[in-house]
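The residues making up each chain are set out below.
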Amino acid sequence: MQKIRNWRSTIVCAAVLCCVLALAGCNAAGIPALGIQTSTAAPTATAVAYVIPAATPSSTVTPARSGASSATVVVPPSMTAESSAVSRSSSTSAPTVIPQNESTPQATGQPTEQVVEHGTVSPTVTVLALSERERIFNEVWDTVDQNYLYPDFHGADWNALKVKYQPLVRNAKSSDEFYNLLFAMVDSLGDGHSRYESPTRAKEEEALESGNADYVGIGILSSPNDKSVGVVYVFPNSPAEKAGIKRRDRITAIDGTPFVDPAKEVARVRGPEGTTVTLTVASPEQPERIVPIVRGRVTGAVIPSSRRLPADPSIGYIIIPTLSTDDMDVRVEAELNNLLSESPNLKGLIVDLRGNGGGFRTILESILGDFLSGQVGTFYNQTTSYPLTIAGKPLADKLSRVPVVLLVDQGTESYAEVMSASIQEKGRAKIVGVATAGNTETIYAYNLEDGSRLWCAQEGFRLLDETNLEGRGVIPDVTVKVDWTAYQEADDPQILKAVDILNGAP
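Now for a look at the structure at hand. Treat the numbers as computed from the prediction; the structure is a model and nothing was measured. (Residues numbered from 1 in each chain as written. Predicted model: local features only at pLDDT ≥ 70, side-chain atom pairs only at ≥ 80, totals over all residues. Heavy atoms only, no water.)

What follows deals with the sheet that holds strand β15 (residues 305-309). Strand order in the open sheet made by the 6 strands is β15-β16-β17-β21-β22-β25, with mixed pairing throughout. Two strands close off the open sheet at either side, each with one partner strand: β15 and β25 (478-479). Across 5 bridges, the pairing between strand β16 (residues 312-319) and strand β17 (residues 348-352) is parallel. When the sheet's bridge partners are listed, I318 is paired in β17 with V351. Helix α7 (residues 328-341) rests against β15, β16 and β17 of the sheet, and its axis sits at about 180° to β16. (Pairing = 2+ DSSP bridges. Helix = DSSP H or I, 4+ residues; strand = E, 2+ residues; numbered from the N terminus. Contact = heavy atoms within 4.5 Å. Axes fitted to C-alpha atoms, helices over the stretch in contact; angles between N-to-C directions.)

Here it is, written out as structure tokens:
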């Protein structure tokens, strides 16, 4: 499955998601599909849209996501279409690949659909045999070596990194240490998308994306800012909800220690079930408060929400927190239909993508089909390119007379950026907020035999006018430079500006 997501986006339930995050999915026949698909073919790219790199029997490859982590999911920089003369070794066994675009509801400034912790992977008690560690290490290194989007490895010396980490892997005293070493090696690429996940993290991530989250944490999706972490989503019945944490709250310190790098340090929120984490929390227009939360099991799905604005019931408002849940498109369509069926008639619609770190490509395409149709851009890798063409849905006709405003921020990443830019370029909506993350690479997931997973950035994206969003982001039609989490919804300057536009203001 292909996804675009930014791993930096954070699920603090968890500590990350996302990224974000933005993944895209497809099946072995090259047809977009929900969920993670696997293939046993060898990892090769073809000129077919929605390609799933094949893999040898030892591992599987699934087209995945695009995204970013702190401004999640989703995700990031562009790359050239041809590879340079960088030495590449051939791998003897390739992992399973799953494409997606992440970055996590993928991240810094963006909520991710991911459950990946920044900088660490979950503890694993079992000590892997030396032969297994070496095999996994070689598969990870070779897969990046052969499939990475950037011919220059994004400025990293990939051969030197192999020389550096190989002896460390051989001498690893525990599986936990081993998985963290692989995480660090892949993280050295510094593209904001590529990452390595331990079996535990990979399993948690799959559960979250399937809509059946089950992990130990506090139960929020967060979007890191400069010195704090903004809460983008709170899981129902989670420890966070029971402690009074809400969307728009900002976490400024954990156990009394302020953030230096929120995108990475938010991982400190996680811990063993039954233990307590003490958060310093600031709600909009309220002084900071100390909130002790007992970590517990978090279950459920990340879902959208919608309502008519109390101040103007003719305007609908929908929050899409991520594109990384398998049925997010179905849920979004249901929310939009509900808004259309309510009275009075809908005269305007605000779509809130702030903190959305991206997710699955199938979800991206399906939701875009609610607003437009036709080709909106082109995906490309080192050898080929193929169009992103959207099939319009019946709902698009119903919404065609309803003006739309999209809200974005630096936490809008990956496929959430592709979605925003596509709708903007087609003239279907105005965009309000601040420039997005510029994190739009598509990453592919390679599932290894031990259950661990490598996400490798393999594709870039360009709009029809050849604009590459990587490193640039989506530029709003109207810039309202504020931290929206510092305001109550009724006073949110970006929402207020969107209302003005829907009421005819320039």
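Following the structure, the description resumes.
The contact between helix α2 (residues 158-170) and helix α3 (residues 175-187) brings their axes to 10 Å, and the two run at 170°. By the criterion of interaxial angle, the relationship of α2 to α3 is roughly antiparallel. Here W158, L161, Y165, L168 and V169 of α2 lie close against α3, whose contacting residues are F178, L181, A184 and M185. Split by residue class, the contact of α2 with α3 holds 9 nonpolar, no polar and no charged. (Parallel < 35°, antiparallel > 145°, perpendicular 65-115°, else oblique. Nonpolar A, V, L, I, M, F, W, Y, C, P; charged D, E, K, R; others polar.)

A word on the environment of K398. On the secondary structure map, K398 appears in helix α9 (residues 394-399). Linking K398 and L340, residues 58 residues apart in sequence, is a C-alpha distance of 8.2 Å. The residues contacting K398, other than those within four sequence positions of it, are N337 and L340.

Once that is clear, we can look at the packing of α7 against helix α8 (residues 361-368). The contact between α7 and α8 brings their axes to 9 Å, and the two run at 20°. Taken together, the axis directions place α7 and α8 in an arrangement best described as roughly parallel. Our pair here, α7 against α8, has a crossing hand that is right-handed. Of α8, the residues touching α7 (which contributes M328, D329 and V332) are I363, S366 and I367. Of the residues in the contact of α7 with α8, the class split is 4 nonpolar, 1 polar and 1 charged. (Left-handed = near helix turned anticlockwise from the far one by under 90°.)

So yeah, pure geometry; function would need other evidence.
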